[in-house]
Amino acid sequence: MNSEMTYLLATNNPGKAKEIAPMFEKAGLLLISLADLGLKFEAGEDGDTFLHNATQKARETADFLKEHGHSYAVLADDSGLEIDALEGKPGVHSALFMGRDTPYHERCQAILEKLAHVHDEWRLARFICTLVCIFPDGSQLTTKGAIEGRIAWDLFGDGGFGYDPIFYYPPYEKTLAELSKEEKNQISHRGQAIQKMIGLILNENSGT
Ligand code: IMP
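Residues numbered from 1 in each chain as written. Predicted model: local features only at pLDDT ≥ 70, side-chain atom pairs only at ≥ 80, totals over all residues. Heavy atoms only, no water.

Chemist: Quick one: what's the story with the site of the ligand, residue by residue and with numbers?
Modeler: In the vicinity of the ligand there are 18 residues, among which Lys16, Tyr104, Asp164, Lys184 and Arg190 approach most closely. The separation between a nitrogen atom of the ligand and a polar side-chain atom of Asp164 is 2.6 Å. Within the side chain of Lys184, an N or O atom sits 2.8 Å from an oxygen atom of the ligand. For the ligand, whose accessible area on its own is 490 Å², the fraction buried by protein is 96%. When contributions to the shell around the ligand are tallied by element, the ones reaching two or more residues are β3 (73-83) and α5 (189-201). The residue inventory of the shell around the ligand, partitioned by class, reads 5 nonpolar, 6 polar and 7 charged. (Near = heavy atom within 4 Å. Polar contact = N/O pair within 3.5 Å; in protein donor to acceptor, adjacent residues only side chain to side chain. Areas by Shrake-Rupley, 256 points an atom, 1.4 Å probe, with all protein chains shown as cover. Helix = DSSP H or I, 4+ residues; strand = E, 2+ residues; numbered from the N terminus. Nonpolar A, V, L, I, M, F, W, Y, C, P; charged D, E, K, R; others polar.)

This is the structure we're talking about:
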């Protein structure tokens, strides 16, 4: 039954949409965006945890859709970059770090400067993603993903989005921005959370 439902992705981040939509399509699930409905809505993210914010985005978007007479399963993620040498920052506030409109290459440079004297073994970092799906009957599914790496010494690559050019993934000896979309999806925090969510939706898995 869940596989026949239409899913709506609650994000205004085109980078995320580009990663999530193909994975849903590949699993035979229909995923649309607010833009596909000609609607625009910015949900809040006021919490201090990825779970709080993903749930808030999904619930507020579901309520907004209901007001417009739509009933979809709403999918929302909250994600961020935790850097150990910065005590886990920018973490849950990654999207707002240095201001929402500051270009990411400036934010990446600022992080590199903060870590200028930090040795490789202390440059550990991880991307975290929590994904929430709220169904029209109010039930909810939650999955999580994480990828461990370290902060590079410069920006490398022009793929991906956000902090990808400074996130070095040791097993591939590349930053995430140097990977193809497919390669990134196979290993990324978001890719893992989405695969788990697709598994739950298709009743292939039973836990997160
Ligand atoms: P939010 O989930 O909308 O709060 O945004 C999370 C922020 O974390 C993004 O805007 C990026 O700054 C960062 N981020 C999350 N996932 C990734 C990723 O896969 N690559 C690079 N940056 C990411």
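Chemist: Requested: an account of the packing of aromatic side chains, with residues and values cited.
Modeler: A full pass over the atoms with the stated rule returns 6 aromatic pairs. Note on Tyr7 and Phe135: the rings are 6.2 Å apart at their centroids and 85° apart in plane angle, and the pair reads as edge-to-face. With Tyr7 in strand β1 (residues 6-9) and Phe135 in the loop between β5 (124-134) and β6 (140-151), the pair connects residues that are 128 residues apart, well separated along the chain. Just as Tyr7 is buried, Phe135 falls in that class too. Ring geometry for Phe41 versus Phe64: centroids 4.5 Å apart, planes at 15°, classification stacked. One end of the pair, Phe41, is in the loop between β2 (30-33) and α2 (50-67); the other, Phe64, is in helix α2, and 23 residues separate them in sequence. Cluster of aromatic residues (ring-pair linked, three or more members): Tyr7, Phe24 and Phe135. The side chain of Arg107 reaches across the aromatic face of Tyr104, ending 4.0 Å from its centre. Above the plane of the ring of Trp153 lies Arg123, whose end atom (NZ or CZ) is 3.6 Å from the centre. (Phe/Tyr/Trp six-rings, centres within 6.5 Å; stacked < 30°, edge-to-face > 60°. Buried < 20%, exposed > 50% of the residue type's maximum accessible area, 1.4 Å probe, protein only. Lys NZ or Arg CZ within 6 Å of the ring centre and 35° of its normal.)

Chemist: Please give an account of the pairing of β6 that cites residues and values.
Modeler: Direction of pairing for β5 relative to β6: antiparallel, over a ladder of 11 bridges. Opposite Cys129, over in β6, you have Gly145 as the bridge partner. Counting the residues that bridge the hairpin from β5 to β6 gives 5 residues, and of these Gly138 lies at a positive phi of roughly 90°. (Pairing = 2+ DSSP bridges.)

Chemist: Break down the environment of Lys196 for me, with residues and values.
Modeler: With respect to the helices and strands, the residue Lys196 is situated in helix α5. A C-alpha to C-alpha distance of 8.6 Å links Lys196 and Gly145, two positions 51 residues apart in sequence.

Chemist: With reference to specific residues and values, describe α2.
Modeler: Across its 18 residues, α2 extends 26 Å between first and last C-alpha, which sits within 8% of the 26 Å expected from 1.5 Å per residue. Those residues of α2 that are buried are in contact with β1, α1 (14-26), β3, β4 (89-91), β5 and β6. Note on α2: the residue one or two positions beyond its end, Gly69, has a positive phi of about 80°. (Expected span 1.5 Å × (residues − 1). Contact = heavy atoms within 4.5 Å.)

Chemist: Tell me about the packing of α1 against α5, and name the residues and values.
Modeler: In the contact formed by α1 and α5, the axes pass within 10 Å of each other and the chain directions differ by 35°. Once α1 is placed against α5, the crossing between them reads as right-handed. Contact residues: α1 offers Lys16, Glu19, Ile20, Met23 and Phe24, while α5 offers Arg190, Gly191, Ile194, Gln195, Ile198 and Ile201. Of the residues that constitute the contact of α1 with α5, the class distribution is 6 nonpolar, 2 polar and 3 charged. (Axes fitted to C-alpha atoms, helices over the stretch in contact; angles between N-to-C directions. Left-handed = near helix turned anticlockwise from the far one by under 90°.)

Chemist: Could you give an account of unusual backbone geometry, with specific residues and numbers?
Modeler: Pro90 follows Lys89 through a cis peptide bond whose omega is -5°. On the secondary structure map, Pro90 appears in strand β4. A positive phi angle is found at Glu87, which is not glycine, with a value near 55°. In this structure, Met98 is a non-glycine residue whose phi angle is positive, near 65°. Among the structural elements, Met98 can be located in the loop between β4 and α3 (104-114).

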